[in-house]
Number of protein chains: 2
Amino acid sequence: MTKASRSKTAPAKGDEEGTRARILNVALQEFSRLGLSGARIDAIAAESGLNKAMIYYHFGSKEQLYVAALKESYQRFREIEGALEVDGALEPEQALRKLVGASFDFHAAHPEFVRMVMGENINQGEYISKIPELRAINHSAIALLEHVCQRGVAEGVFRADVDPVDLHMSISALSFYNVSNRHTFSFIFGRDLGAADVHAARRASVVDTILRAVRAP
Amino acid sequence: MTKASRSKTAPAKGDEEGTRARILNVALQEFSRLGLSGARIDAIAAESGLNKAMIYYHFGSKEQLYVAALKESYQRFREIEGALEVDGALEPEQALRKLVGASFDFHAAHPEFVRMVMGENINQGEYISKIPELRAINHSAIALLEHVCQRGVAEGVFRADVDPVDLHMSISALSFYNVSNRHTFSFIFGRDLGAADVHAARRASVVDTILRAVRAP
DNA sequence: GTCTATACATGGATAGAC
DNA sequence: GTCTATCCATGTATAGAC
């Protein structure tokens, strides 16, 4: 009996998503909202329309479920990043603009990813270190950046001494902070970062900041 | 009997710091390490060399203790920021360099502050909103930035259309992320952000990025 | 695979003596 | 103000039936 031992009863029910997948989706939301310690297995069970025993049957423990959710979170991130096509006809400047804008938009559109990463940093990276597959997760992003930088240097529009990983870090920081620190920032400065005009202005500022950082001389 | 009802026995004991202050210090560390839900009253009591009842006597509840720690955290931040003297003889460029470097250094030197802010954003700012005094916390930083910008514009070295709050946000983002996402970033890129040379290079990059963002034209 | 019922530990909070 | 002892709700995890 191999892994695919769900011999019959392939359920064509409307909500057929698979129990495991349903749990995982709910868990991702719950952990991202409340962190590892704040999330409750009871709540995940209830929200999934299941019972606690099912969660332990499929995932073993709260921590293993958390690791699965963390992994899933990063993998979704990779999928969307991977779908970015940027080369082709675009000038290096325009290509970089597109990359930065996409990063900013992705973070804004996926606060649950941002929150998972925040939570895992609160955990001091204890659990992500158990998922070596994620090591490669951003390498394609770096490769893309590197390629764009090289083209820019060749055309004489970008500086030659830009480190792609350092540049990636700046792009991530500006994209990430905008979501991660939204609540405290909005409170302290009375500027609602969720508002459309504020958001658009910030986006433009971030893209501009990165472009200026790489532009020659 | 007024507030100061500790009539006699003003204890000259070596560790005289005040019970309340001792609890608060330990709580700040504990909440910053583990977040509101992850922190344990038992652990705070033990670490303080006290018992749980004392905590409830002085602070009422876990959440009130958390709010006190959050407030304390921001107030220490303000103190250090407030001590920054930047005007005087410095050129606008040099003044801004100093400001950005100080922000970067402060965050690096105070991971517990960064972590408290992360945790509170996980809480969606629910508790900071109960501390209206903190609204003004960064206004002096903004005023300083604004003044430097104005001088730079007057001398023709800075752009005229820089928004001080937006600029402050970029400085904070680059300073904050470096600490907040240290663990996941180090894991994924295999670059230890704690290492002295990496840290110094990143600092230089951040200062440079901000300077380029404001420089005319 | 899925459920109900329950074991068992933990954690926030309080009572009451000193 | 400070302590010990304890209450009670909650939360992770499992046993065992279907």
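Keep in mind it's a predicted model, so treat the numbers as computed, not measured.

J.: Any chance you could explain the overall build of chain A here in plain terms?
T.: Assigned secondary structure in chain A consists of 10 helices and 0 strands. Walking chain A from its N terminus toward its C terminus, one meets helices and strands in the order α-α-α-α-α-α-α-α-α-α. Each of the three principal axes of chain A carries a C-alpha extent, and together these read 65 × 45 × 35 Å. The proportion of buried residues among the 217 residues of chain A is 48%. Sequence separation of 24 or more characterises 71% of the internal contacts of chain A that already satisfy a separation of 6 or more. Within the structure as shown, chain A displays about 10,300 Å² of accessible surface, and the carbon and sulfur contribution to it stands at 53%. Taken together, the 26 basic and 27 acidic charged side chains of chain A have centroids lying 5 Å from each other.

J.: Sorry if this is basic, but what is going on with the relation of the copies chain B and chain A here?
T.: The second copy of the chain is related to the first by a rotation about an axis and a shift along the axis. Relative to chain A, chain B is turned by 180° and slid 0.0 Å along the rotation axis, the superposed coordinates differing by an RMSD of 0.0 Å. Classification of the inter-copy transformation places it as that of a two-fold axis. The fraction of interface residues of chain B whose copies in chain A are also interface residues reaches 100%, indicating that both copies meet through the same surface.

J.: I tried to follow the UniProt feature "domain: HTH tetR-type" (unreviewed entry) in chain A on my own but got confused; where do I start?
T.: Per the UniProt record, "domain: HTH tetR-type" (unreviewed entry) is found at residues 17–77 of chain A. Regarding residues 17–77 of chain A, the helix share stands at 85% and the strand share at 0%, and the terminal C-alpha atoms are separated by 21 Å.

J.: Mind showing me how you'd approach the domain arrangement of chain A here?
T.: You'll often see interface size given as the accessible area lost when the parts meet. Residues and elements named next belong to chain A. Looking at chain A, the domain boundaries give domain 1 (1–60) and domain 2 (67–214). Computed from C-alpha coordinates alone, the two centres of domain 1 and domain 2 are separated by 30 Å. On the domain 2 side, the residues contacting the 10 residues of domain 1 number 10 residues. Buried surface at the junction of domain 1 and domain 2, both sides included, amounts to about 860 Å², of which 68% is carbon and sulfur. Three residues, Leu 24, Leu 28 and Ser 32, lead the burial of domain 1 against domain 2; their summed loss comes to 55% of the area buried on that side. Applying the counting criterion to the domain 1 and domain 2 interface returns 3 residue pairs in polar contact (both at pLDDT 80 or more). Per-element tally for the side of domain 1 that touches domain 2: the top contributor is helix α1 (residues 19–38), with 9 residues.

J.: How should I be thinking about the nonpolar core in this particular structure?
T.: If you look at soluble globular proteins, the nonpolar side chains tend to sit buried side by side. With 130 residues, the main nonpolar core has Phe31(A), Leu65(A), Phe31(B) and Leu65(B) as its most contacted residues. With residues up to four places along the chain from it excluded, the contact list for Leu65(A) reads Ile23(A), Leu24(A), Ala27(A), Phe31(A), Ile41(A), Ile44(A), Ile55(A) and Phe59(A).

J.: Got a minute to help me understand the packing of helix α6 (residues 111–122) of chain B against helix α8 (residues 164–180) of chain B in this structure?
T.: Relative placement of two packed helices is described by the angle separating their axes and the distance separating the axes. Residue and element names in this part refer to chain B. Taken N-terminus to C-terminus, the directions of α6 and α8 make an angle of 95°; their axes are 10 Å apart at the nearest point. When the interaxial angle is binned, α6 and α8 end up roughly perpendicular. Residues Pro 111, Val 114, Val 117 and Met 118 of α6 form the contact with α8, whose participating residues are Phe 176, Val 179 and Ser 180. Considering only residue class, the contact of α6 with α8 consists of 6 nonpolar, 1 polar and no charged.

J.: It is not clear to me how the confidence of the model for chain A should be interpreted in this structure. Could you clarify?
T.: Per-residue pLDDT for chain A has a mean of 92; in total, 92% of the residues score no lower than 70. Low pLDDT, under 50, characterises residues 1–14 of chain A; the stretch is placed with 1 contact to residues that sit more than four places away or in other chains.

J.: Sorry if this is basic, but what is going on with the protein's contact with DNA strand D here?
T.: Near DNA strand D there are 17 residues, and of these Arg40(A), Lys52(A), Tyr56(A), Asn51(B) and Met54(B) occur at the shortest range. Within 4 Å of the protein, atoms of DNA strand D come from sugar and phosphate in 60% of cases. At 2.6 Å from a phosphate oxygen of DNA strand D is found a side-chain nitrogen or oxygen belonging to Arg40(A). At the level of secondary structure, the elements contributing two or more residues to the surface near DNA strand D comprise α2 (41–48) and α3 (52–59) of chain A together with α3 (52–59) of chain B. Top contributing element to the surface near DNA strand D by residue count: α3(B), with 4 residues. Within the surface near DNA strand D, the residues separate by chemical class into 8 nonpolar, 5 polar and 4 charged.

J.: Is there a simple way to explain the protein's contact with DNA strand C in this structure?
T.: Of all residues adjacent to DNA strand C, which total 16 residues, the nearest are Asn51(A), Met54(A), Arg40(B), Lys52(B) and Tyr56(B). For DNA strand C, the backbone portion of the atoms within 4 Å of the protein, that is sugar and phosphate, comes to 60%. Take Thr19(A): an N or O atom from its side chain is 3.1 Å from a phosphate oxygen of DNA strand C. Between DNA strand C and the protein, one listed contact pairs a phosphate oxygen with a side-chain N or O atom of His58(A) at 3.3 Å. Contributing elements (two or more residues each) for the surface near DNA strand C: α3 of chain A together with α2 (41–48) and α3 of chain B.

J.: Help me understand unusual backbone geometry in this model?
T.: Glycine aside, residues mostly have negative phi angles, and peptide bonds mostly take the trans form. All names here are of chain A. The omega angle of the peptide bond from Ala 216 to Pro 217 is 5°, so this bond is cis rather than trans. In this structure, Pro 217 sits in the segment after α10 (196–214). In this structure, Gln 124 is a non-glycine residue whose phi angle is positive, near 60°. Given a relative accessible area of 49%, Gln 124 falls into the partly exposed group.

J.: Would you explain the interface of chain B and chain A in this entry?
T.: Taken together, the contact pairs 56 residues of chain B with 56 residues of chain A. Counting each side, the surface lost to burial between chain B and chain A is near 5,000 Å², with a carbon and sulfur contribution of 62%. Summed over the three residues of chain B that lose the most area to chain A, namely Met169(B), Phe187(B) and Arg212(B), the buried surface amounts to 16% of that side. Across the chain B-chain A interface, the total number found is 6 salt bridges. Linking Asp208(A) and Arg159(B) is a salt bridge whose minimum nitrogen-to-oxygen distance equals 3.8 Å. Our count for the chain B to chain A interface comes out at 26 residue pairs in polar contact (both at pLDDT 80 or more). Those elements that place two or more of their residues in the side of chain B that touches chain A are α1 (19–38), α6, α7 (139–154), α8, α9 (182–189) and α10 (196–214) of chain B. Top contributing element to the side of chain B that touches chain A by residue count: α8(B), with 12 residues. Looking at the side of chain B that touches chain A, its residues break down into 24 nonpolar, 19 polar and 13 charged.

Rules of the game
Counting of residues starts from 1 at the beginning of each chain's written sequence and follows it residue by residue. Each chain is given a letter, starting from A, and each ligand a number, starting from 1, according to the order in which they appear as written. Per-residue local features of the predicted model are confined to residues with pLDDT of at least 70, and side-chain atom pairs are confined, for both listing and counting, to 80 or more; whole-chain, interface and lining totals are unaffected and use all residues. With hydrogens and water excluded, all non-hydrogen atoms of the structure serve as input to the side-chain values. By definition, any uninterrupted DSSP run of H or I lasting at least four residues is a helix, any uninterrupted run of E lasting at least two residues is a strand, and each is numbered from the N terminus. Residue burial is assigned from relative accessible area. The probe radius is 1.4 Å, only protein chains are included, and a residue is buried under 20% of its type maximum, exposed over 50%, and partly exposed in between. Note on contacts: a residue pair is in contact if any heavy atoms of the two residues lie within 4.5 Å. Here the open area of atoms and residues is found with the Shrake-Rupley method and a 1.4 Å probe, where only the protein chains shown may cover a residue. Residues counted as positive are Lys and Arg, residues counted as negative are Asp and Glu, and His and the chain ends are not counted. Charged side chains are reduced to one point each, which is NZ for Lys, CZ for Arg, CG for Asp and CD for Glu. The superposition of copies rests on a least-squares fit of C-alpha positions from residues with pLDDT of 70 or more in both. UniProt positions are given in the numbering used here, feature names are shortened, and annotations may be inferred rather than shown by experiment. The domain limits used here are those given by an automatic or database domain assignment. The term buried area refers to how much accessible surface (probe radius 1.4 Å) is lost by two components on association, counted for both of them together. We define a polar contact as two N or O atoms separated by no more than 3.5 Å, with the added condition that, inside protein, one atom must be a possible hydrogen donor and the other a possible acceptor, whereas residues neighbouring each other in sequence contribute only through side-chain atom pairs. Only buried Ala, Val, Leu, Ile, Met, Phe, Trp, Tyr and Cys residues count toward a nonpolar core, and they belong to the same one when joined by side-chain atoms within 4.5 Å. In this description, a line fitted to the C-alpha atoms serves as the axis of each element, helices being fitted only across the stretch in contact, and the angle between N-to-C directions of two axes falls anywhere from 0 to 180 degrees. Relative orientations are named as follows: roughly parallel for angles under 35 degrees, roughly antiparallel for angles over 145 degrees, roughly perpendicular for angles from 65 to 115 degrees, and oblique for any other angle. Three categories are distinguished: nonpolar for Ala, Val, Leu, Ile, Met, Phe, Trp, Tyr, Cys and Pro, charged for Asp, Glu, Lys and Arg, and polar for the others, with Gly belonging to the last. The pLDDT value expresses, per residue, how confident the predictor is, ranging between 0 and 100. Note on definitions. A residue lies near a molecule or strand when any single heavy atom of the residue is within 4 Å of it. One side-chain nitrogen of Lys or Arg within 4 Å of one carboxyl oxygen of Asp or Glu is enough to make a salt bridge.

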